[in-house]
Amino acid sequence: GAGVSQTPSNKVTEKGKYVELRCDPISGHTALYWYRQSLGQGPEFLIYFQGTGAADDSGLPNDRFFAVRPEGSVSTLKIQRTERGDSAVYLCASSGGDTQYFGPGTRLTVL
Amino acid sequence: QKEVEQDPGPLSVPEGAIVSLNCTYSNSAFQYFMWYRQYSRKGPELLMYTYSSGNKEDGRFTAQVDKSSKYISLFIRDSQPSDSATYLCAMWSTGNQFYFGTGTSLTVIP
């Protein structure tokens, strides 16, 4: 596709459940980023992939969060044992060089 | 100290006004500077980006970077109600993560 796509657009889950959020980057972009954005805040960095490997995962808040990009294209952010504090918009962005382009985000609500 | 500081506003201006949005930063290694526009319930949309110091103009938008002062600005001329959004500054250096400001909420009143 022409831009970054993310699925699902909305996800409602119960506390303690497992969720997966998917990101499909712009074709050919080697770098992929995950962010979390709370209301009234800028994007908070989670993890950055260069190709298949995580170049920087220093933003992952704890070991309940994990992300993969097995073939260097699509990425999945996985959250185990979700907590109410995980509720936020999860943004994905991809980059082919100088800057990055964002997807529409997945709005996660943990009840 | 945060890597990037941005006044959250909110900023409210009449239609046709000139708007000035600003960010300061602490890391002198930043090389690329970006402005994103984010409408409610949407992902950030790249508006402008510049490399190193200087000015860049695109239609009604002008981005300025002053690396000596660690200060960047976005000017919007002849502001329109459709410019009402949150504006995020961002910056990075090659091989590193991007750093974002908290965003400035702008409302342009018809």
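Look a little higher up for the structure.
In this report, the structure presented in the accompanying data block is examined. (Residues numbered from 1 in each chain as written. Chains lettered and ligands numbered in written order. Predicted model: local features only at pLDDT ≥ 70, side-chain atom pairs only at ≥ 80, totals over all residues. Heavy atoms only, no water.)

Attention now moves to the pairing of strand β3 (residues 19-25) of chain B. All names here are of chain B. Residues V19, L21, C23 and Y25 of β3 are buried on one face, while the alternating residues S20, N22 and T24, pointing to the opposite face, are not. Where strand β1 (residues 4-6) and β3 come together, three bridges link them in antiparallel fashion. Residue pairing across strands places V4 opposite Y25, the latter belonging to β3. (Buried < 20%, exposed > 50% of the residue type's maximum accessible area, 1.4 Å probe, protein only. Helix = DSSP H or I, 4+ residues; strand = E, 2+ residues; numbered from the N terminus. Pairing = 2+ DSSP bridges.)

The next point concerns the interface of chain A and chain B. On the chain B side, the residues contacting the 21 residues of chain A number 19 residues. Of the roughly 1600 Å² buried between chain A and chain B on both sides combined, carbon and sulfur atoms contribute 54%. The largest per-residue losses of area from chain A upon contact with chain B belong to D98(A), T99(A) and F102(A), which jointly make up 29% of the total buried on that side. Where chain A meets chain B, there are zero salt bridges. Where the side of chain A that touches chain B is concerned, the elements lending two or more residues are β4 (31-37), β5 (44-50) and β10 (100-102) of chain A. Of the residues in the side of chain A that touches chain B, the class split is nine nonpolar, nine polar and three charged. (Contact = heavy atoms within 4.5 Å. Buried area = accessible area lost by both parts, 1.4 Å probe. Salt bridge = Lys/Arg side-chain N within 4 Å of Asp/Glu carboxyl O. Nonpolar A, V, L, I, M, F, W, Y, C, P; charged D, E, K, R; others polar.)

Residue and element names in this part refer to chain B. Taken in spatial order, the five strands line up as β1-β3-β8-β7-β6 in an open sheet, and their pairing is antiparallel. Bordering the open sheet on either side are β1 and β6 (54-58), each of which pairs with just one other strand. With direction set aside, neighbouring strand axes in the sheet form an average angle of 15°. As paired elements, β3 and strand β8 (residues 71-76) share six bridges and run antiparallel to each other. Bridge pairing in β8 links L21 to L74. (Axes fitted to C-alpha atoms, helices over the stretch in contact; angles between N-to-C directions.)

Honestly, it's all geometry; don't read function into it.
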